[in-house]
Amino acid sequence: MEVKIEKTWQVKLQSEFDKDYFKLLREFVRSEYLSQVIYPRPENLFRAFELCPFNQVKVVILGQDPYHGSGQAHGLAFSVEAGVKIPPSLINIFKELENNLAIKKEGDGDLSAWARQGVLLLNTTLTVRAGQAGSHQRQGWEIFTDRIIQILSEKKDNLVFILWGAYAQSKLELIDNSKHLILKAVHPSPLSAYRGFFGSKPFSQANNYLKNRKIKEIDWSK
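Described below are features of the structure shown in this document. The structure presented is a predicted model; accordingly, all values stated were derived computationally and were not measured. Counting of residues starts from 1 at the beginning of each chain's written sequence and follows it residue by residue. Local features in a predicted model are, by the rule used here, given only for residues with pLDDT of at least 70; side-chain atom pairs are given and counted only at 80 or more, and totals for whole chains, interfaces and linings are based on all residues. The side-chain values count all of the structure's non-hydrogen atoms but skip hydrogen atoms and water molecules.

## Regarding the environment of N207
Heads up, the condition is: Secondary structure follows DSSP: runs of H or I at least 4 residues long count as helices, runs of E at least 2 residues long count as strands, and numbering of each begins at the N terminus. We call two residues contacting when some pair of their heavy atoms lies within 4.5 Å.
Assignment of secondary structure puts N207 in helix 8 (residues 202-212). A C-alpha to C-alpha distance of 20 Å links N207 and S79, two positions 128 residues apart in sequence. Setting aside its immediate chain neighbours within four residues, N207 contacts E217, I218 and W220.

## Digging into the environment of I5
Note the cut-off: Note on classification: 1.4 Å probe, protein chains only; a residue is buried when its accessible area is under 20% of the maximum for its type, exposed when over 50%, partly exposed between these limits.
Here I5 lies in the segment before helix 1 (7-17). Residue I5 is classed as buried on the basis of its relative accessible area of 12%. Residues I5 and L210, 205 residues apart in the sequence, show an inter-C-alpha distance of 27 Å. Every residue in contact with I5, bar those within four places of it in the chain, is listed here: Q10, L13, F17, F46 and F49.

## Structural notes on the pattern of salt bridges
To keep things clear, this is the line we draw: By definition here, a salt bridge exists when the distance from a side-chain nitrogen of Lys or Arg to a carboxyl oxygen of Asp or Glu is within 4 Å.
All chains considered together, the criterion is met by nine salt bridges. Each of E16, K19, R147 and E154 takes part in a single network of salt bridges with overlapping partners.

## Things to note about the pairing of strand 5 (residues 160-164)
Rule in force here: Two strands are counted as paired when DSSP detects at least two bridges linking them.
With respect to burial, strand 5 is a largely interior element, five of its five residues being buried. Residue alternation in strand 5 divides its side chains into two sets, V160, I162 and W164 and F161 and L163, and both sets are buried. Relative to strand 5, strand 2 (residues 59-63) runs parallel, the two sharing four bridges. From the neighbouring strand, V60 faces strand 5, where its bridge partner is F161. Bridge count for strand 5 against strand 6 (residues 181-185) is five bridges, and the pairing is parallel.

## Here we look at helix 4 (residues 88-101)
The cut-off we apply is this: Here the expected length of a helix is defined as 1.5 Å per residue gap, with one fewer gap than residues.
For helix 4, with 14 residues, the first-to-last C-alpha span of 20 Å sits near the 20 Å given by 1.5 Å per residue. Among the structural elements, helix 5 (112-116), strand 5 and helix 8 are those in contact with the buried residues of helix 4. Of the residues one or two after helix 4, A102 is the one with positive phi, at around 60°.

Okay, structure coming up:
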């Protein structure tokens, strides 16, 4: 697996690509693509970074694994390609968006338009075997994405980090809360959404924070 990533991220992450853990990770992922059905497709592996260059990041939404069903994952956390049935967690995200901002998302579950406005939709593990949730955890991806969170926290100011669920919130220690807004809620999964995700108002809170700092808000309707 060659590392082909957007140029501003390439500059920030080159030292990670040269580390031993990443070399082992690269060989593991390469062998998996050759021997298994792996999601997302190789060309979409770093799509979150392609659509949201480092200097454009305003909001970070953390996920865990890519979707492991056929045709779902395309490199953006929580997002699915156009034409794919919208997963339950994303349905609940759209419900909260409508409750929060009266924006009714219709059509598909492709969140690429959010990414192009500066929303980094970052899974902490970037690949998964078909039908096997968590199958690529603890292979090195978490080390890599932890470093991404740290770099964003250190090198940028006034970001909004949206952490849904206990796993995402385990990354709190990587973020400087004196210079960034951290929004926490339970995961939007149907198993937990009614315990505090609904009514958490992440979209308006994020935009109010950006607006107050003279940063262009996200048009969540796109």
